[in-house]
Amino acid sequence: DVKVTQSSRYLVKRTGEKVFLECVQDMDHENMFWYRQDPGLGLRLIYFSYDVKMKEKGDIPEGYSVSREKKERFSLILESASTNQTSMYLCASSLMTPYTQYFGPGTRLTVL
Amino acid sequence: QKEVEQDPGPLSVPEGAIVSLNCTYSNSAFQYFMWYRQYSRKGPELLMYTYSSGNKEDGRFTAQVDKSSKYISLFIRDSQPSDSATYLCAMGGGANSKLTFGKGITLSVRP
């Protein structure tokens, strides 16, 4: 079974803090994705990566950056957290096609 | 018109009912169609995956794609309380190599 793990289930941070969310997959998948999920807005793609050290902007990249130094690890960085970044953050990975994505359990981030 | 539209729900049915969940889409380039199930406070779980048109069956679940009508469905037979979750449709294909998700519908199966 594909396993995608995320570093924290729940996280509380202060406005202005730098926040790191980590995602690790154990199936040698090429593609990795970061989404946020908000009530009424559904899943929105923040960034994705097709290979190590490669990244592409998704639909809502503003206020976020990413890092992929190793194939199995994809990090999402909030440079200066703001209250409107309070959300559920979901990481996903897929093998060859970007479509059959497998999700991690999510990190519920609250920014106070 | 939004690229993917999904009935907002919520939907409540008695145990044993047949459930039909639907999505419509506007992008004719979509060829990959997925259904995800998401339990409360968990990540989405890939439930069914279909390429192009046709039906796919897996136990009590059947996914149906009608590309001519740009319409996909997920049928759940003999629904169980454990099927209570949010169901998300997702699709992709063409030049845009990303998944586009519906907003999800919350299903509740009453014992």
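Conventions and cut-offs
Residues numbered from 1 in each chain as written. Chains lettered and ligands numbered in written order. Predicted model: local features only at pLDDT ≥ 70, side-chain atom pairs only at ≥ 80, totals over all residues. Heavy atoms only, no water. Pairing = 2+ DSSP bridges. Helix = DSSP H or I, 4+ residues; strand = E, 2+ residues; numbered from the N terminus. Axes fitted to C-alpha atoms, helices over the stretch in contact; angles between N-to-C directions. Contact = heavy atoms within 4.5 Å. Buried area = accessible area lost by both parts, 1.4 Å probe. Salt bridge = Lys/Arg side-chain N within 4 Å of Asp/Glu carboxyl O. Polar contact = N/O pair within 3.5 Å; in protein donor to acceptor, adjacent residues only side chain to side chain.

### Regarding the sheet that holds strand E8 (residues 71–76) of chain B
Residue and element names in this part refer to chain B. One open sheet accounts for 5 strands, arranged E1-E3-E8-E7-E6; its pairing is antiparallel. Both outer strands of the open sheet, strand E1 (4–6) and strand E6 (54–58), are each paired with one neighbouring strand and no more. Each strand of the sheet is rotated relative to its neighbour by a mean of 15 degrees, with strand direction disregarded.

### Points about the pairing of E6(B)
For a regular strand, side-chain orientation follows a simple rule: the groups alternate between the two sheet faces. Sheet topology note: the E6(B)/strand E7 (residues 61–66) of chain B ladder contains 5 bridges and is antiparallel. Across the sheet, the residue bridging to B:Asp58 is B:Phe61, located in E7(B).

### Structural notes on the interface of chain B and chain A
On the chain A side, the residues contacting the 20 residues of chain B number 23 residues. The contact between chain B and chain A buries some 1700 Å² in all, and 61% of this surface belongs to carbon and sulfur atoms. Residues B:Lys98 and A:Asp59 are paired through a salt bridge, measuring 2.9 Å at the closest nitrogen-oxygen approach. At the boundary of chain B and chain A, one finds 6 residue pairs in polar contact (both at pLDDT 80 or more).

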